[in-house]
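Residue-level structural notes
Spelled out from the first residue to the last, the chains are:
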Amino acid sequence: MANIKRPPIYRVAAIQSLVLLFISGGWSFIDTVVAWSILAGGVIAVIPHLYFTVYAFRHMGARASREIARSFNRGEAGKFVLTLVGFACVFQGLPASQPLAVFGGYIAMLVLQWILVANAVSRRPQ
């Protein structure tokens with residue numbers, strides 16, 4: 001019986017969080033409103049992705065293929081809803097936020113996520 005290791009699901013979110021804190025911390029010396037907006041946009045990307053990865057990788061093995069598929073679908077739906085709610089909360093709750101900075105932080109974290117996941121997949125033994 002093969003023993004497949006669980007993917008490092010928290011590593012991507014941890015690296016994203018550190019990069020996000022570094023970027024928003026750097027911007028805080030220039031403009032605090034932009035820094036908070038970047039942080040908010042990044043959090044909107046990181047939290048739903050973390051939700052998806054935790055939810056999607058709950059089950060392992062060939063016998064759990066139906067549960068895996070179901071978890072991926074529900075995880076993706078939850079990620080979509082969390083993203084929408086996140087943007088609604090930021091734009092409703094932080095009226096002084098800079099929309100370009102919010103979307104910039106969001107897009108930066110998505111691009112970083114793609115790079116980190118692609119790197120993790122390419123390094124993983126087959």
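Going by the structure above, here's the rest.
Worth saying up front: this structure is predicted, and the values here are computed from it rather than measured.

With that settled, consider the overall build of the protein. When helices and strands are counted, the protein shows four helices and zero strands. Of all 126 residues assigned to the protein, the portion counted as buried reaches 34%. Of all intrachain contacts in the protein linking residues separated by at least 6 positions in sequence, the fraction that spans at least 24 positions is 67%. Approximately 8,500 Å² of the protein is accessible, and the part contributed by carbon and sulfur atoms is 69%.

A separate point is the packing of aromatic side chains. Here the structure, examined in full by the defined rule, presents six aromatic pairs. With 5.6 Å between their ring centres and 25° between their planes, Tyr51 and Tyr55 make a pair best called stacked. Here the residue Tyr51 and the residue Tyr55 both occupy positions in helix 2 (residues 32-56), the gap between them amounting to four residues, near one helical turn. A ring pair is formed by Phe91 and Phe103, whose centres lie 5.7 Å apart and whose planes are at 45°; its orientation type is tilted. Within this pair, whereas Phe91 is found in helix 3 (residues 65-93), its partner Phe103 is found in helix 4 (residues 99-123), the two being separated by twelve residues in sequence. Following the ring pairs from residue to residue traces out a cluster consisting of Phe87, Phe91, Phe103 and Tyr106. Over the face of the ring belonging to Phe52 we find Lys79, whose NZ or CZ atom lies 5.6 Å from the ring centre.

Moving on, we get to the packing of helix 3 against helix 4. How two helices sit against one another is set out by the angle between their axes and by the gap between those axes. Where helix 3 contacts helix 4, the two axes come as close as 11 Å, and the packing angle between them is 155°. Classed by the angle they form, the pair helix 3 and helix 4 counts as roughly antiparallel. Seen from above, helix 3 lies across helix 4 with right-handed handedness. Facing Lys79, Thr83, Phe87, Val90 and Phe91 of helix 3, the residues of helix 4 in contact are Pro99, Val102, Phe103, Tyr106 and Gln113.

So, on to helix 1 (residues 9-28). Under the 1.5 Å per step criterion, the end-to-end length of helix 1 is 30 Å for 20 residues, consistent within 8% with the ideal 28 Å. Among the residues of helix 1, Ile9, Val12, Ala13, Gln16, Leu20 and Ser24 are the ones counted as buried. Relative to the axis of helix 1, the buried residues are bounded by an arc of 90° and lie together on one face. Pointing more than 90 degrees away from the buried face of helix 1 are the exposed residues Tyr10, Arg11, Leu18, Leu21 and Phe22. Taken together, the buried residues of helix 1 touch helix 2 and helix 4.

This paragraph deals with the nonpolar core. Ranked by internal contacts, the top residues of the largest apolar core, which has 19 residues, are Ile44, Tyr106 and Met109. The set of elements that each furnish at least two residues to this core consists of helix 1, helix 2, helix 3 and helix 4. Discounting residues that sit within four places of it in the chain, Met109 has contacts with Gln16, Val19, Leu20, Ile23, Gly42, Ala45 and Val46.

About the criteria used
- All chains use their own residue numbering, which begins from 1 and follows the written sequence.
- Reporting of local features is limited, given that this is a predicted model, to residues whose pLDDT is at least 70; pairs of side-chain atoms are given and counted only at 80 or more, and all residues count toward the totals for whole chains, interfaces and linings.
- Note: side-chain values were computed over all heavy atoms of the structure, leaving out hydrogens and water.
- Numbering of helices and strands runs from the N terminus; a helix is a DSSP stretch of H or I covering at least four residues, while a strand is a stretch of E covering at least two.
- Under the scheme applied here, a residue whose accessible area is under 20% of the maximum for its type counts as buried, over 50% as exposed, and between as partly exposed, the area being computed with a 1.4 Å probe on protein chains only.
- Contacts were defined at the residue level, with two residues in contact if any of their heavy atoms lie within 4.5 Å.
- Note on areas: Shrake-Rupley with a 1.4 Å probe; residue coverage comes only from the protein chains shown.
- Think of it this way: a Phe, Tyr or Trp ring, Trp meaning its six-membered ring, pairs with another when their centres are within 6.5 Å, and the plane angle makes it stacked under 30 degrees, edge-to-face over 60, tilted otherwise.
- A positively charged side chain is recorded as over a ring if its NZ (Lys) or CZ (Arg) lies within 6 Å of the ring centre. The angle to the ring normal must also be within 35 degrees.
- Angular values range over 0 to 180 degrees, each being the angle between N-to-C directions of two axes fitted as lines to C-alpha atoms, with helices fitted over their stretch in contact.
- Roughly parallel means an angle under 35 degrees; roughly antiparallel, over 145; roughly perpendicular, 65 to 115; everything else is oblique.
- Crossing handedness is read from the near helix: turned anticlockwise from the far helix by less than a right angle, it gives a left-handed crossing, and turned clockwise, a right-handed one.
- The length a helix should cover is 1.5 Å for every residue beyond the first.
- What the arc measures is the spread of directions leading from the helix axis to the C-beta atoms.
- Grouping buried Ala, Val, Leu, Ile, Met, Phe, Trp, Tyr and Cys residues that are joined through side-chain atoms within 4.5 Å yields what is termed a nonpolar core.

On their own, these measurements won't tell you what the molecule is for.
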